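Reading the structure
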2 protein chains.
Amino acid sequence: MTKVSVLGVGTTKFGELWEASPRGLVKEAVNEALTDAGLKIKDIDALFVGNMLSGILGSQENLGALFAEELGAQNMPAFKIEGACASGGLAVHNAVNSLLGGSYKTVLVVGIEKMTDHNPAEIAQALMAGGHDEERAAGVTFPGLYAILARAYIEKFGATEGDLAAVAVKNHYHASLNPKAQFPFEITQDQVLKSAPVAEPLKLLDCSPVSDGAAAIILSSNTKAPNSKKTVHIIASSVATDSLGLKGRKDLTTLEAVVIASQKAYRETGIKPADVDVAEVHDCFTIAEIMACEDLGFFAKGNGAKAVSAGKTRLGTGRLVVNTSGGLKACGHPVGATGVKQLCEIVTQLRGEAGKRQVKGAKIGLTHNVGGSGAVAVVHILGNL
Amino acid sequence: MTKVSVLGVGTTKFGELWEASPRGLVKEAVNEALTDAGLKIKDIDALFVGNMLSGILGSQENLGALFAEELGAQNMPAFKIEGACASGGLAVHNAVNSLLGGSYKTVLVVGIEKMTDHNPAEIAQALMAGGHDEERAAGVTFPGLYAILARAYIEKFGATEGDLAAVAVKNHYHASLNPKAQFPFEITQDQVLKSAPVAEPLKLLDCSPVSDGAAAIILSSNTKAPNSKKTVHIIASSVATDSLGLKGRKDLTTLEAVVIASQKAYRETGIKPADVDVAEVHDCFTIAEIMACEDLGFFAKGNGAKAVSAGKTRLGTGRLVVNTSGGLKACGHPVGATGVKQLCEIVTQLRGEAGKRQVKGAKIGLTHNVGGSGAVAVVHILGNL
């Protein structure tokens, strides 16, 4: 079983941060994580950067060296890891691997995306770099791809657009308790249902936003970190892929990569879905959270929509609480940062430091980060054990 | 000490491969590596992709999932690793880490770049994504940056343009013995000196070309691989960074990242520079090979130009032979593939399978892969021990 300690976490506020630069966002998140860990940058052995769009939108690659220099760690081993919207989670996975093998003892993972400086058409097109070239050639974008999944799900299982809307309502409620969320306010089901259609059945408020932000986490192979009264461990880090485009999938109501990655993580740890107290899942669209809750084994296939709609994953009413941060929907989705932020939120929960959005007594947490329309999935299980 | 077995290697021909697609190149290199290893794709646990420019030039990211699917390994864990022209070497580094930690037992690394479909100005601009934004804003490209290094070196150590040319002459000689090289023919020093000026003192034949190609290597934590009479091991994998732009450097006649990464590799293995029989170094420009030979400890600082010029690294006359493949200069430089191809060449040498370009009795080999103008360096030491 994987066992890596989390020494520190930090995130910027997510949002339309027009005054901030990528360098500034990274420094802010990293400095918060270093302070949290009681460490200096010189205590870090290597830097893993999760980012998707800096090359396409910003003409800047080589982000490992760039951010190492910016952080005053000019000679530090540093890499960029990319896998579309799963870049952050994949960076954590590669960081965990490097610790388990002893190549490094303490590493920093930072996820970063700066998206809002570009116009929506540019961003939509750039994001499709995570999809299949045939889909791109056909002019489809991610809302369209997830709308296809939503239609398949609704047709097969009889879910309603109101069930989808309930995901957004819940996640906005959670975000209203998270001062770093992009949209820290509640919305109603009626607002979701009456919001502008984007790709039927998905409406504007079914979709995660375009966001800027960074998140950082410091990991160590020292499982008895000196400073941590409440050390949280990563006990599984698991990745699987699937066909890049939807046409390669056997079943449009499940993301097979999520099923495979999560089952491996459960098998390695002996943790069962019912043991999970708090999860951050990749709700890029409301349908994605419903499918995730099923693919991760929280609810039987076809039961996810009604379960979420009934409040079974909502703070205060659910035993398992999903997306306490507000999720991608309401906390925001700076692509490369998302997978790292998910771990930051779970660590905060397992330490009991989540304030108004704390899930009482949370001991086991899970993160679920997806790239493309399900082409790659990363699952981490964390424990306060 | 790191110890990972190389089970198989494969490369496409490098060159202007207008008839080939990135998918086709990857399949060709991987199939050769699988055949070499006596393995099937189902025997592989994870895929590491080294690539720099697919996002910027081809609007395609998520290459891990893309190539996993293309290779018929639709659910395999897969990642893209990027660090400019060091992307291939960094992919190998992360693959090695994953094996040492036991996350995977047998992994595939593939480096790929498809560059020649774009016009030279686009390519030069895209490559500058590996440099500092201030350099990019000033309109400088990599030939200009390396010309600055060449001028500093010539001024400090009294090397001549003829010494630089000797690197190109040697590497073309080696390439003439490598049927997969982009330029498998010899050139004369006079031809180099009379070739068109690019950025003084660098001329056309001091510069590596724009290339297409892919290279694949299969690595395993099983250090007694069943199929291998002549198992080659990776015994060190080391990375360091430096400032992204030249203005952050203390000394323009050395790449500090190379010094740090190589010294770490030597320290970990007990190998000394004088023990190295064959090396593939990152000769993106002729000056880069001279500086590499010094920074790696093969020659004292300031002596590299004359040593290379005197044939001390040439097949047949040198004890240590550098760039038997032809190097980036004459074998070609498909950016993401280069760092992987370097290991393929060293493995071929250490197995004694390099044919006309075989370095007799080679037991210790080294690879040196650089990103940007020295912002990141990866050094691997391999042994047939």
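Bear in mind that the values here come from a model prediction, so they are computed numbers and not experimental data. (Residues numbered from 1 in each chain as written. Chains lettered and ligands numbered in written order. Predicted model: local features only at pLDDT ≥ 70, side-chain atom pairs only at ≥ 80, totals over all residues. Heavy atoms only, no water.)

**Thoughts on the overall build of chain A**
- A count of helices and strands for chain A gives 14 helices and twelve strands.
- In terms of C-alpha radius of gyration, chain A reaches 19 Å, essentially the compact-globule figure of 21 Å for 385 residues.
- Once the C-alpha set of chain A is aligned to its principal axes, its extents read approximately 55 × 45 × 35 Å.
- A burial count over chain A gives 67% of its 385 residues as buried.
- Of all intrachain contacts in chain A linking residues separated by at least 6 positions in sequence, the fraction that spans at least 24 positions is 78%.
- Working note: accessible area of chain A is about 12,300 Å², and carbon and sulfur atoms make up 54% of it.
- When the 37 positive and 38 negative side-chain charges of chain A are each reduced to one mean point, those points stand 7 Å apart. (Helix = DSSP H or I, 4+ residues; strand = E, 2+ residues; numbered from the N terminus. Rg over C-alpha atoms; globule rule 2.2 N^0.38 Å. Buried < 20%, exposed > 50% of the residue type's maximum accessible area, 1.4 Å probe, protein only. Contact = heavy atoms within 4.5 Å. Areas by Shrake-Rupley, 256 points an atom, 1.4 Å probe, with all protein chains shown as cover. Lys, Arg positive; Asp, Glu negative; His and termini not counted. Charge placed at Lys NZ, Arg CZ, Asp CG, Glu CD.)

**Notes on the relation of the copies chain A and chain B**
- Screw-axis analysis of chain A against chain B gives a translation of 0.0 Å along the axis, an RMSD of 0.0 Å, and a rotation angle of 180°. The two molecules are tied by a two-fold rotation axis, judged by turn and shift. Taking C-alpha positions as reference, the residue of chain A nearest the rotation axis is Gly101(A), located at 1.7 Å.
- Looking at chain A, 100% of its interface residues are interface residues in chain B too, so the copies touch through the same face. (Least-squares fit on C-alpha atoms with pLDDT ≥ 70 in both.)

**Examining the interface of chain A and chain B**
- Taken together, the contacts link 56 residues of chain A with 56 residues of chain B.
- Overall, the association of chain A and chain B removes approximately 4,100 Å² of surface from exposure, summing both partners, and the carbon and sulfur fraction of that is 44%.
- The largest share of the area that chain A buries against chain B comes from Asn62(A), Asn75(A) and Thr241(A), three residues that together contribute 15% of it.
- On the surface where chain A and chain B come into contact, there are two salt bridges.
- Put simply, Arg23(B) and Asp133(A) hold a salt bridge, and the shortest N to O gap is 3.1 Å.
- The tally of links between chain A and chain B comes to 34 residue pairs in polar contact (both at pLDDT 80 or more).
- For the side of chain A that touches chain B, the element with the most residues is helix H4 (residues 87-100) of chain A, which contributes six residues.
- When grouped by side-chain class, the residues that make up the side of chain A that touches chain B number 24 nonpolar, 23 polar and nine charged.
- As defined by bridge partners, strand E3 (residues 78-82) of chain A adjoins strand E3 (residues 78-82) of chain B across three bridges and the pair is classed as antiparallel. The residue bridging Glu82(A) from the neighbouring strand is Lys80(B), located in E3(B). (Buried area = accessible area lost by both parts, 1.4 Å probe. Salt bridge = Lys/Arg side-chain N within 4 Å of Asp/Glu carboxyl O. Polar contact = N/O pair within 3.5 Å; in protein donor to acceptor, adjacent residues only side chain to side chain. Nonpolar A, V, L, I, M, F, W, Y, C, P; charged D, E, K, R; others polar. Pairing = 2+ DSSP bridges.)

**Remarks on the pattern of salt bridges**
- If you walk through the whole model with that rule in mind, you get 50 salt bridges over all chains.
- For Glu70(A), the salt bridge is made with Lys27(A), and the minimal N-O distance between the two is 3.5 Å. Of this pair, Glu70(A) sits in helix H3 (residues 63-70) while Lys27(A) is found in helix H1 (residues 22-37), placing the two residues 43 residues apart along the sequence.
- By relative accessible area, which is 26% here, Glu70(A) ends up partly exposed.
- The partner of Asp277(A) in a salt bridge is Arg319(A), and the shortest N-O contact between them spans 3.2 Å. Of this pair, Asp277(A) sits in the loop between helix H10 (256-269) and strand E9 (278-280) while Arg319(A) sits in the loop between helix H12 (304-309) and strand E10 (321-322); the two residues are 42 residues apart in sequence, bridging distant segments of the chain.
- Each of Arg23(A), Lys27(A), Glu70(A) and Asp133(B) takes part in a single network of salt bridges with overlapping partners.

**Here we look at the confidence of the model for chain A**
- Chain-level pLDDT for chain A is 96 on average; 98% of the residues reach the 70-or-more range.
- Across the whole predicted complex the pTM is 0.98, and at the interface the ipTM reaches 0.98. (pLDDT = per-residue confidence, 0-100.)

**A few points about the nonpolar core**
- In terms of nonpolar packing, the biggest core is built from 77 residues, with Ile217(A), Leu219(A), Ile217(B) and Leu219(B) touching the most fellow members.
- Beyond its immediate chain neighbours, meaning those up to four positions away, Ile217(B) contacts Val6(B), Gly8(B), Val9(B), Val92(B), Val107(B), Leu108(B), Val109(B), Val340(B), Leu343(B) and Val347(B). (Core = buried A, V, L, I, M, F, W, Y, C linked by side-chain atoms within 4.5 Å.)

**Quick word on the state of the cysteines**
Residues and elements named next belong to chain B.
- Here the structure, examined in full by the defined rule, presents zero disulfides over all chains.
- Free of any disulfide, Cys293 has its nearest neighbouring cysteine sulfur in Cys284, separated by 13 Å.
- What makes Cys293 buried here is its relative accessible area of 0%. (Disulfide = S-S within 2.5 Å.)

**Re the packing of helix H8 (residues 161-175) of chain A against helix H11 (residues 286-295) of chain A**
Residues and elements named next belong to chain A.
- At a closest axis distance of 8 Å, the pairing of H8 and H11 adopts a crossing angle of 95°. Here H11 runs roughly perpendicular to H8, going by the angle between their axes. Of the residues in H11, those touching H8 at Asp163, Leu164, Val167, Ala168, Lys170 and Asn171 are Thr286, Ile287, Glu289 and Ile290.
- Taken together, the residues that form the contact of H8 with H11 break down as five nonpolar, two polar and three charged. (Axes fitted to C-alpha atoms, helices over the stretch in contact; angles between N-to-C directions. Parallel < 35°, antiparallel > 145°, perpendicular 65-115°, else oblique.)

**Here we look at the side chain of Arg351(B)**
- Structurally, Arg351(B) can be placed in the loop between helix H14 (335-350) and strand E11 (364-371).
- A polar atom in the side chain of Arg351(B) sits 3.3 Å from the side chain of Glu353(B).

**Digging into the side chain of Asn323(B)**
Residues and elements named next belong to chain B.
- Take Asn323: it is sitting in the loop between strand E10 (321-322) and helix H13 (327-331).
- Note on Asn323: relative accessible area 0%, which makes it buried.
- In this structure the side chain of Asn323 is engaged in a polar contact, spanning 2.9 Å, whose partner is the backbone nitrogen of Val281.
- Aside from chain neighbours lying at most four places away, what touches Asn323 is Lys170, Asn171, His174, Ala279, Glu280, Val281, Asp283 and Glu289.

**Topic: H10(A)**
All names here are of chain A.
- Taking 1.5 Å per residue as the helical rise, H10 with its 14 residues ought to reach 20 Å, and the 20 Å between its terminal C-alpha atoms agrees with that figure.
- Along H10, the positions that sit buried rather than exposed are Ala257, Val258, Ala261, Ser262, Ala265, Tyr266 and Thr269. End-on, the buried residues of H10 take up no more than an arc of 155°, which puts them together on one face.
- Note on H10: the residue one or two positions beyond its end, Gly270, has a positive phi of about 75°. (Expected span 1.5 Å × (residues − 1). Arc of directions from axis to C-beta.)

**Some points on helix H8 (residues 161-175) of chain B**
- With 15 residues, H8(B) should reach 21 Å at 1.5 Å per residue; the first-to-last C-alpha distance of 21 Å fits that figure.
- Burial of H8(B) is extensive: 13 of the 15 residues sit out of reach of the surface.

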